[in-house]
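Below are the chains, spelled out letter by letter.
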Amino acid sequence: MWYHKPIIDEELLQSLPNLKIVSSSGVGIDHLDLKLLSRFGVKVSNTPFVVSTDTADLGMALMLASARRLVEGYQMAVSPDTEYFPANWLGVQVSGTTLGIVGMGTIGYKVAQRAKAFEMKILYHNRKQRNKEEESAVGAVYCKNMDDLLQQSDFVMLAVTLTPQTHKLIGKRELELMKPTATLINISRGLVVDQDALVEALQKEVIRAAALDVTYPEPLPRDHPLLKMKNVIVTPHIGSATKDTRRVMMQDMAESIEAALAGLPVPHEVS
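Residues numbered from 1 in each chain as written. Predicted model: local features only at pLDDT ≥ 70, side-chain atom pairs only at ≥ 80, totals over all residues. Heavy atoms only, no water.

The protein carries the name Glyoxylate reductase/hydroxypyruvate reductase in an unreviewed UniProt entry, which gives Nothocercus nigrocapillus as its organism. The UniProt entry for the protein carries the following text under Sequence similarities (unreviewed entry): "Belongs to the D-isomer specific 2-hydroxyacid dehydrogenase family." (UniProt positions renumbered as here; feature names shortened; annotations may be inferred.)

Structure below.
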């Protein structure tokens, strides 16, 4: 499967009685009905680790681009109408500020490693607290209550998997807990955020800005408010989109398929 296609439903499974495995690109499996696949005796694999480095890089890129208003600056610099650069055109500082990471899995931890180089104070919320050695290595402080993280952070980065528990994890209440100067960055899944609430929060200046690699749907309708706001950056779900990573993803998927067909243990099998 690539970009969640083809759609794996009961009709398709009934038409493929010899199907052994569904190998899905990327880490997310929210598009798959694991119980249905199990009922048909079909194994599932994904590529969970290869995407983490590039996705963490993109998270940092979105944070920096939003803070320094990079897209707006580019448009100003190349516009045929620009006659001068205004001296009062300012962004916000990243170094030394507080980054709150929601979801401290492989991607979230790699984000923390990068943020440490920017001398950021790092808070994180996760289902399980990381061990003290891992926390110390990046200078991360655990927030058992996500509200504490939201209230203290200058940048909030979402790096969770989409589950029933994280569906619309960030809604109106959570956005109102954030600083009015804060930026929300989403590198996980669009449905982790209540998008209507986000639009309202941005319009009413409840938060300063948003940088989104993921939305729902993808792509957004061309008249969607998020596409018209100067304080929003939207990229086309490109967290893992580098030539090297995509090649390794395809190799991992092929290895899982070959293993399943040979009756061998499947690398990265989803249980």
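Continuing now.
What follows concerns the layout of surface pockets. Its boundaries defined by the atoms lining it, the second largest pocket holds a volume of some 250 Å³. Of all the elements in the fold, those that place two or more residues in the lining of the second largest pocket are α3 (52–67), α4 (70–78), β8 (209–212) and β9 (232–234). With 3 residues, the single largest contributor to the lining of the second largest pocket is α4. The residue makeup of the lining of the second largest pocket, split by class, is 8 nonpolar, 3 polar and 5 charged. (1 Å grid on protein atoms, 1.4 Å probe; cavity = no way out; pocket = protein on both sides within 12 Å on 5 of 7 lines; lining within 4 Å. Points joined across faces, edges and corners; volume = space filled by probe spheres on them. Helix = DSSP H or I, 4+ residues; strand = E, 2+ residues; numbered from the N terminus. Nonpolar A, V, L, I, M, F, W, Y, C, P; charged D, E, K, R; others polar.)

With that settled, consider the environment of Ser-23. In this fold, Ser-23 is placed in strand β1 (residues 21–23). Judged by its relative accessible area of 5%, Ser-23 falls in the buried class. Along the primary structure Ser-23 and Leu-13 are separated by 10 residues, whereas in three dimensions their C-alpha atoms are 14 Å apart. Ignoring sequence-local partners within four residues, the contact set of Ser-23 consists of Met-1, Ser-45, Met-253, Ser-256 and Ile-257. (Buried < 20%, exposed > 50% of the residue type's maximum accessible area, 1.4 Å probe, protein only. Contact = heavy atoms within 4.5 Å.)

The geometry of α3 relative to helix α5 (residues 106–117) is characterised by a closest axis approach of 8 Å and an angle of 50° between their N-to-C directions. Between α3 and α5, the angle is such that the two are oblique. Between α3 and α5 lies a crossing of right-handed hand. Residues Ser-52, Thr-53, Thr-55, Ala-56, Asp-57 and Met-60 of α3 form the contact with α5, whose own contacting residues are Thr-106, Ile-107, Lys-110, Val-111, Arg-114 and Ala-115. (Axes fitted to C-alpha atoms, helices over the stretch in contact; angles between N-to-C directions. Parallel < 35°, antiparallel > 145°, perpendicular 65-115°, else oblique. Left-handed = near helix turned anticlockwise from the far one by under 90°.)

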